[in-house]
Amino acid sequence: MALGGGMEGRGRLVSSQGEKMENQSPPLNRIKIAIDGPAGAGKSTLARLLGGKLGIPYIDTGAIYRALALKAFRMGISEDDEENLAKLAKELKIEFKRDDRGMRVYLDGEDVSEAIRTPEITRLSSPVSKHPKVREALLELQRKLAENGGVMEGRDIGTVILPDADVKIFLTASTKVRAMRRYLELKEKGYEVNLEDLEREIEERDRRDSTRSIAPLRMAEDAILLNTDNLTIEEMVEEALRVIREKCGIG
Ligand code: DC
């Protein structure tokens, strides 16, 4: 299992006054940050930028469920076949590697970064992830990825995967704003999409992810709620850094 991580600014946070803050407990390059929230709230963008700023790995757990969905799809395994999906999950060979295009996802040695983001696999990743045995099979893998610190994003990071995370952020945005973000993202990739369909799909995915019996999308009691509806990316990152400084007792 290889995991690339941003090295810039390793172990340092810069306070609003500009001075560097080091030697915190835990060391900043080993802190664990959990970011949860619904699809399209900005989790990946925030986690990626925070990882770069703090010099810690960024771990996208949605990519793991997506890779599993892709493999199952290719093998003709049904989204309802819990036993075979769990078997597949246990053997899943997934790697994250950074290159000049950003973080890339490898499944059994194949770069699947684009293949896991098609509308079909996006839809399939939600029902595949609802099975308790699948989630159990992927639990240790996720904990291992964050054992030396990192920014991990998903749906159940603060509640199940890293209940002891140093900082927990729950990111939200209205359905309309999230659908519009996805619309622009997919359009840029050349997909013909309809905004209303996307809104419906997002609502459906939210409903599934929030109502499943195991590890539903839910805000941890000790998480900080951050609504990104009216925030630019820079403001979102600044706000998250403020939360991190406050939680870690620095600044
Ligand atoms: O974050 P994403 O859109 O890439 O996630 C794809 C799907 O994976 C999402 O519909 C729910 C599931 N998922 C999950 O159940 N738990 C996680 N920690 C991350 C994603």
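Residues numbered from 1 in each chain as written. Predicted model: local features only at pLDDT ≥ 70, side-chain atom pairs only at ≥ 80, totals over all residues. Heavy atoms only, no water.

A.B. asks: Help me understand helix H3 (residues 82–90) in this model?
C.D. replies: Side chains three or four residues apart in an α-helix point the same way, a direct result of the helix having 3.6 residues per turn. Looking only at H3, the buried set comprises Leu85, Ala86, Leu88 and Ala89. All buried residues of H3 project into a common sector of 160° when viewed along the axis, lining one side. Buried residues along H3 sit against helix H2 (61–75), helix H4 (119–128) and helix H5 (132–145). (Buried < 20%, exposed > 50% of the residue type's maximum accessible area, 1.4 Å probe, protein only. Helix = DSSP H or I, 4+ residues; strand = E, 2+ residues; numbered from the N terminus. Arc of directions from axis to C-beta. Contact = heavy atoms within 4.5 Å.)

A.B. asks: Explain the site of the ligand here, please?
C.D. replies: Around the ligand, a shell composed of 15 residues is seen, among which Arg66, Arg135, Arg155, Arg205 and Arg212 lie nearest. In the model, an oxygen atom of the ligand is placed 2.9 Å from a nitrogen or oxygen of the Arg155 side chain. Listed by contribution, the elements that provide at least two residues to the shell around the ligand are H2, H4 and helix H8 (195–211). Broken down by element, the residue count for the shell around the ligand peaks at 4 residues, all from H2. In terms of residue class, the shell around the ligand is made up of 2 nonpolar, 6 polar and 7 charged. Taken together, domain 1 (1–57 + 149–251) and domain 2 (61–145) each give at least three residues to the shell around the ligand, which thus spans both. (Near = heavy atom within 4 Å. Polar contact = N/O pair within 3.5 Å; in protein donor to acceptor, adjacent residues only side chain to side chain. Nonpolar A, V, L, I, M, F, W, Y, C, P; charged D, E, K, R; others polar. Domains from an automatic or database assignment.)

A.B. asks: Help me understand the confidence of the model for the protein, please; the structure alone is not making it clear to me.
C.D. replies: Detail in the predicted coordinates should be disregarded across regions flagged by low pLDDT. Overall, the prediction assigns the protein a mean pLDDT of 88, with 89% of residues at 70 or greater. Ignoring residues within four places in sequence, the model shows residues 1–24, a span with pLDDT below 50, making 65 contacts including any to other chains. (pLDDT = per-residue confidence, 0-100.)

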